[in-house]
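Each chain is listed here by its residues.
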Amino acid sequence: ILFTTAGAISAGKWSGVAFGAGSGGSRMEHAVVEGGGWNYTAGIRVAGSAPVLKKVTVRTTELRGIQVFAGGAPQITASTVTGTTGGDATGIYVGAGGRLQVSNTQIRGSTTGAIVLEPGAELIGLTGMVLTENGQDGVRHRGGTLGSSETWKSFGYPYFLIDSPVYVRGAASPVLTIEPGVVVKAGDGQTISVGEGASGTLNAIGTEARPIVFTTA
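Residues numbered from 1 in each chain as written. Predicted model: local features only at pLDDT ≥ 70, side-chain atom pairs only at ≥ 80, totals over all residues. Heavy atoms only, no water.

Engineer: It is not clear to me how the overall build of the protein should be interpreted in this structure. Could you clarify?
Structural biologist: Helix and strand counts for the protein stand at 0 helices and 22 strands. The C-alpha atoms of the protein give 17 Å as radius of gyration, which agrees with the globular expectation for 217 residues (17 Å, within 12%). Once the C-alpha set of the protein is aligned to its principal axes, its extents read approximately 55 × 35 × 30 Å. Going through the 217 residues of the protein one by one, you find that 44% of them count as buried. Looking at the protein alone, contacts between residues at least 24 apart form 64% of all its contacts between residues at least 6 apart. Total accessible area computed for the protein in this model is approximately 9,200 Å², and 50% of it derives from carbon and sulfur atoms. (Helix = DSSP H or I, 4+ residues; strand = E, 2+ residues; numbered from the N terminus. Rg over C-alpha atoms; globule rule 2.2 N^0.38 Å. Buried < 20%, exposed > 50% of the residue type's maximum accessible area, 1.4 Å probe, protein only. Contact = heavy atoms within 4.5 Å. Areas by Shrake-Rupley, 256 points an atom, 1.4 Å probe, with all protein chains shown as cover.)

Engineer: Just to check I follow, could you spell out the sheet that holds strand β18 (residues 175-178) for this structure?
Structural biologist: Sheets are built from strands that pair by backbone hydrogen bonding, the pairs being arranged parallel or antiparallel. Spatial strand order, β15-β18-β21: 3 strands in an open sheet with parallel pairing. Both edges of this open sheet fall to β15 (150-152) and β21 (201-204), since each of them pairs with a single strand only. Across the sheet, the axes of successive neighbouring strands diverge by a mean angle of 15°, strand direction being ignored. Judged from the 3 bridges that link them, β15 and β18 form a sheet pairing that is parallel. Each bridged residue has a counterpart across the sheet, and for Thr-151 the counterpart in β18 is Thr-177. (Pairing = 2+ DSSP bridges. Axes fitted to C-alpha atoms, helices over the stretch in contact; angles between N-to-C directions.)

Engineer: Is there a simple way to think about the side chain of Thr-82 in this case?
Structural biologist: Structurally, Thr-82 can be placed in strand β7 (residues 80-94). Aside from chain neighbours lying at most four places away, what touches Thr-82 is Val-58, Arg-59, Thr-60 and Arg-108.

Engineer: Explain the pairing of β7 to me, please; I cannot follow it from the model alone.
Structural biologist: Looking along a regular strand, one sees the side chains alternate between the two faces of the sheet. Where strand β5 (residues 52-68) and β7 come together, 9 bridges link them in parallel fashion. Residue pairing in the sheet places Gln-67 in a bridge with Tyr-93 of β7. Summarising the sheet, β7 and strand β9 (residues 106-108) pair through 3 bridges and their orientation is parallel. Its bridge partner lying in β9, Thr-80 is registered against Gln-106.

Engineer: In this structure, what is going on with the sheet that holds strand β14 (residues 144-146)? I would like to understand it.
Structural biologist: Reading across from one edge, β14-β17-β20 is the order of the 3 strands in this open sheet, with parallel pairing throughout. Whereas interior strands pair on both sides, the edge strands pair on one side only; in this sheet they are β14 and β20 (192-194). Geometrically, the sheet is characterised by an average inter-axis angle of 20° between neighbouring strands, direction not taken into account. Two strands pair when backbone bridges link them, and strand β17 (residues 166-168) and β20 are joined in this way by 3 bridges, in the parallel orientation. Its bridge partner lying in β20, Val-166 is registered against Ile-192.

Engineer: Looking at this model, I keep getting lost on the pattern of salt bridges. Mind explaining?
Structural biologist: Two side chains carrying opposite charge are able to pair once their charged atoms lie near each other. Going through the model one piece at a time under the given rule, you end up with 7 salt bridges. Close ionic contact of Arg-27 with Glu-29 constitutes a salt bridge, the shortest N to O distance being 2.7 Å. For Glu-29, a relative accessible area of 29% gives the class partly exposed. Among the salt bridges present, the one from Asp-88 reaches Arg-64, with a minimum N-O distance of 2.5 Å. Here Asp-88, found in strand β7, pairs with Arg-64, found in strand β5; they are 24 residues apart in sequence, far enough to count as distant. Salt bridges linked by common partners bring Arg-140, Arg-142 and Asp-163 together as one network. (Salt bridge = Lys/Arg side-chain N within 4 Å of Asp/Glu carboxyl O.)

Engineer: What's the story with the environment of Leu-131 in this structure? I'm lost.
Structural biologist: As for its position among the elements, Leu-131 is in strand β12 (residues 130-132). Assessed through its relative accessible area of 3%, Leu-131 is described here as buried. Residues Leu-131 and Thr-105, 26 residues apart in the sequence, show an inter-C-alpha distance of 8.5 Å. Not counting the four nearest positions on each side in its chain, Leu-131 is found in contact with Ile-107, Ala-114, Asp-137, Gly-138, Phe-155 and Tyr-157.

Engineer: Got a minute to help me understand the nonpolar core in this structure?
Structural biologist: Where a protein is soluble and globular, its nonpolar side chains tend to be buried together. Within the largest apolar cluster, 41 residues are counted, with the highest numbers of intra-cluster contacts made by Met-28, Ile-44, Ile-92, Val-94, Ile-107, Leu-123 and Trp-152. When near neighbours in sequence (up to four residues on either side) are disregarded, Ile-44 contacts Val-17, Phe-19, Met-28, Val-33, Leu-53, Val-56, Val-58, Gly-65, Ile-66 and Gln-67. (Core = buried A, V, L, I, M, F, W, Y, C linked by side-chain atoms within 4.5 Å.)

Engineer: How should the packing of aromatic side chains be read in this particular structure?
Structural biologist: The geometry of an aromatic ring pair is captured by two quantities: the separation of the ring centres and the angle between the planes. Counted under the stated rule, the structure contains 2 aromatic pairs. Here the aromatic rings of Trp-152 and Tyr-159 are separated by 5.2 Å at their centres, their planes lie at 10°, and the arrangement is stacked. The same class applies to Trp-152 as to Tyr-159, namely buried. Seen from their ring centres, Phe-155 and Tyr-157 are 5.6 Å apart, and the 50° between their planes marks the pair as tilted. On the basis of relative accessibility, which here comes to 14%, the residue Phe-155 falls in the buried class. Taking the ring centre of Tyr-93 as reference, the NZ or CZ of Arg-64 above it sits at 3.7 Å. (Phe/Tyr/Trp six-rings, centres within 6.5 Å; stacked < 30°, edge-to-face > 60°. Lys NZ or Arg CZ within 6 Å of the ring centre and 35° of its normal.)

Keep in mind that these numbers describe shape and distance, not what the molecule does.
What follows is the structure in structure tokens.
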């Protein structure tokens, strides 16, 4: 299956494929989506639905290769996202309230970052990932207030805090759990603030074999 443009392929020529709340049990397999991202969209957008994307290639896209909005919960396996440029140029962007299950997937050549995560978004799976030639080969956390619990998973690539500080606090007493083996790279002036102004907890328990490392980006 090929979703493409007329003439020479270039990013941002059309708006891409969108899965909305009424898309039910949608599946896309052995497909190529290229040239999407027109008008600040993405190659594939998922909102309020949980499509299965298997062996899908999203390439030559403006802004975001795949974007997951609140209520979106795609399952992505054995896929590739390459050549995302322009704007924040992100391979996969997961917004607050979104849930991404991804494995055995390659993200390459996104000029800002491979995966970008807003507070309140969820990442699961993350086995067999290959992240190369991106602005950040890892998870770029946008920072802000974590009002609900969140887990930063160890999968062989770092988490980057370079946009805003992270504040773990709120009425729900959120917990930030950082798994053994995670590396957190912070930009100048960034911080992880826990329990300032409201209840919040940090659970970062490394091991001798798999320490948690906090360092600069």
